[in-house]
Amino acid sequence: MRLFYLDESGNPELSGASDSYVLVAVGIPIEKWTACDKAINQLKASYNLLSAEIHTAWMLRSYREQQEIEGFDSMPHEERRQAVIRVREQKVQNYKANKSPQALKSLKKIYKNTEPYIHLTYSERERFIFDLAARVKSWSFARIFAEVIDKKDYHPPKPDLTPEVQAFERIVTRIEKYLSHISNEQKVYGLLIHDECESVTASHVCNMKRYHRRGTFKSEIKHIIETPLFVSSDHTNMVQIADCCAYALRRYYDSADSALYTPIKARADKIGADIVGFNHYTSNSLCECDLCKAKRKRQAKS
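First, a word on what this report is: a plain description of the structure on this page. Keep in mind the model is a prediction, meaning the values are calculated, not measured.

## Describing the state of the cysteines
Here is step 1 of the chain: Using the criterion set out here, one finds zero disulfides in the structure.
Here is step 2 of the chain: Looking at cysteine 197, it has no disulfide partner, and the nearest cysteine sulfur is the one in cysteine 206, 16 Å off.
Here is step 3 of the chain: Here cysteine 244 stays free of any disulfide, with the sulfur of cysteine 245 as its closest cysteine sulfur at 5.6 Å.

## As for the packing of aromatic side chains
Here is step 1 of the chain: Tallied over the full model, the rule gives nine aromatic pairs.
Here is step 2 of the chain: When the ring of tyrosine 252 is compared with that of tyrosine 253, the centres are 4.9 Å apart and the planes differ by 85°; the resulting orientation is edge-to-face.
Here is step 3 of the chain: Of the aromatic side chains, those joined through ring pairs into one cluster are Phe4, Phe145 and Tyr178.
Here is step 4 of the chain: In this structure, arginine 88 packs its charged tip against the face of tyrosine 63, placed 5.7 Å from the ring centre.

## Thoughts on the side chain of aspartate 195
Here is step 1 of the chain: Residue placement: aspartate 195 occurs in strand 4 (residues 190–195).
Here is step 2 of the chain: As a buried residue without a salt bridge, aspartate 195 has its nearest oppositely charged side chain in lysine 44, at a separation of 13 Å.
Here is step 3 of the chain: Side-chain polar atoms of aspartate 195 contact the side chain of serine 233, separated by 3.4 Å.

## What about the pattern of salt bridges?
Here is step 1 of the chain: In the structure shown here, the tally under the stated rule is 13 salt bridges.
Here is step 2 of the chain: Among the ionic pairs, arginine 174 bridges to glutamate 147, the shortest N-O distance being 2.3 Å. Residue arginine 174 is found in helix 7 (residues 163–182), and its partner glutamate 147 is found in strand 3 (residues 143–150); the two are separated by 27 residues along the sequence. Across the pair, exposure class does not vary: arginine 174 and glutamate 147 are buried alike.
Here is step 3 of the chain: For the salt bridge of lysine 222 with glutamate 220, the shortest nitrogen-to-oxygen distance reads 3.5 Å.
Here is step 4 of the chain: One connected set of salt bridges, linked through shared partners, spans Glu147, Arg170 and Arg174.

## Here's the deal with the environment of serine 74
Here is step 1 of the chain: Take serine 74: it is sitting in the loop between helix 3 (64–67) and helix 4 (77–98).
Here is step 2 of the chain: By relative accessible area, serine 74 is classed as exposed at 66%.
Here is step 3 of the chain: Taking the C-alpha atoms as reference points, serine 74 and aspartate 37, separated by 37 residues in sequence, lie 31 Å from one another.
Here is step 4 of the chain: One polar contact links the side chain of serine 74 to the main-chain carbonyl oxygen of glycine 71, over a distance of 2.9 Å.

## Structural notes on unusual backbone geometry
Here is step 1 of the chain: In this structure, glutamate 226 takes a positive phi of about 60° despite not being glycine.
Here is step 2 of the chain: One can find glutamate 226 in the loop between helix 8 (198–214) and strand 5 (229–231).
Here is step 3 of the chain: With a phi close to 55°, alanine 256 is a non-glycine residue in the positive phi region.
Here is step 4 of the chain: Within the secondary structure layout, alanine 256 lies in the loop between helix 9 (237–255) and helix 10 (261–265).

## Some points on the side chain of serine 18
Here is step 1 of the chain: Structurally, the position occupied by serine 18 is in the loop between strand 1 (2–9) and strand 2 (20–29).
Here is step 2 of the chain: You can call serine 18 buried: its relative accessible area is 11%.
Here is step 3 of the chain: One polar contact links the side chain of serine 18 to the main-chain carbonyl oxygen of serine 20, over a distance of 3.2 Å.
Here is step 4 of the chain: When neighbours within four sequence positions are excluded, serine 18 is seen to be in contact with Gly10, Asn11, Lys151, Arg250 and Asp254.

## Some words on helix 9
Here is step 1 of the chain: Helix length check: helix 9 (19 residues) gives 26 Å between terminal C-alpha atoms against 27 Å at 1.5 Å per residue, within 8%.
Here is step 2 of the chain: Helix 9 sits mainly inside the fold: 15 of its 19 residues count as buried.
Here is step 3 of the chain: Looking one or two places after helix 9, you find alanine 256, whose phi comes out positive at around 55°.

## Let's talk about the packing of helix 7 against helix 8
Here is step 1 of the chain: At a minimum axis separation of 11 Å, helix 7 and helix 8 run at an interaxial angle of 45°. Comparing the axis directions of helix 7 and helix 8 gives the class oblique. In the packing of helix 7 onto helix 8, the handedness of the crossing is right-handed. From helix 7, Glu164, Val165, Phe168, Glu169 and Val172 reach across to helix 8, where they touch Ser199, Val200, Ser203, His204, Asn207, Met208 and Tyr211.
Here is step 2 of the chain: Of the residues belonging to the contact of helix 7 with helix 8, the class tally is six nonpolar, four polar and two charged.

Cut-off values and rules
Residues numbered from 1 in each chain as written. Predicted model: local features only at pLDDT ≥ 70, side-chain atom pairs only at ≥ 80, totals over all residues. Heavy atoms only, no water. Disulfide = S-S within 2.5 Å. Phe/Tyr/Trp six-rings, centres within 6.5 Å; stacked < 30°, edge-to-face > 60°. Lys NZ or Arg CZ within 6 Å of the ring centre and 35° of its normal. Helix = DSSP H or I, 4+ residues; strand = E, 2+ residues; numbered from the N terminus. Buried < 20%, exposed > 50% of the residue type's maximum accessible area, 1.4 Å probe, protein only. Lys, Arg positive; Asp, Glu negative; His and termini not counted. Salt bridge = Lys/Arg side-chain N within 4 Å of Asp/Glu carboxyl O. Polar contact = N/O pair within 3.5 Å; in protein donor to acceptor, adjacent residues only side chain to side chain. Contact = heavy atoms within 4.5 Å. Expected span 1.5 Å × (residues − 1). Axes fitted to C-alpha atoms, helices over the stretch in contact; angles between N-to-C directions. Parallel < 35°, antiparallel > 145°, perpendicular 65-115°, else oblique. Left-handed = near helix turned anticlockwise from the far one by under 90°. Nonpolar A, V, L, I, M, F, W, Y, C, P; charged D, E, K, R; others polar.

Structure (structure tokens):
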């Protein structure tokens, strides 16, 4: 049995702020779950993050309050936390008096989502994320699948084929092919575990039932069981790993930042030296990303 943890990065709406929409699945053998979970908890504990949900995009923001606190870097963790809380409480009061309700709401959202990490400097938060990526790279038994959709080039054949639906179908197809490939004398099954998300739950369940009956566009489904299980990411370390991987791919495609992408790519599903687990959906025939360049190279040989 293989467990596949799914999460997304970027806004799936075509008019959204992000250039790309990314869906990632991180697959591990079920017997490796305990060791993986323990390794993540050990790393989180070393940064005083054991009870925190790791949301990479929020961790890698710059927290202005830290820069306003004299001697912040030399403070113990709890002293840092209390100092940031005091500054933030004052800013909330200032916003209440001088800003619009919408601005106050936005500020409180930022504070809520970054609160678990305010005891760490930016360099410490960055180091933690790269340590996390290094753990994933070291898992030779893990396989990562990803669909990256360039939203400005997205022209689906059917109006209801949203980036979310297309990405999910393509991920399901690749996982099915992978499970078929590793099944020898004994059939290997897979279970999808998705970050809890109201906007896609009904759609993914409905589509998965249809895939079981009719297959996806490119494959019958014989190895993936059930519909996706939806879990809260704050309780599930492996969904937080999928979040980190999805962020790494979106940073690479939206900002040409390969620093986090490189270790994650090491665990992409491959056939020989060719990456088959990742795909970049774009109509740009001259795209210079490593996946598109490799695809053109393979096509030239065939």
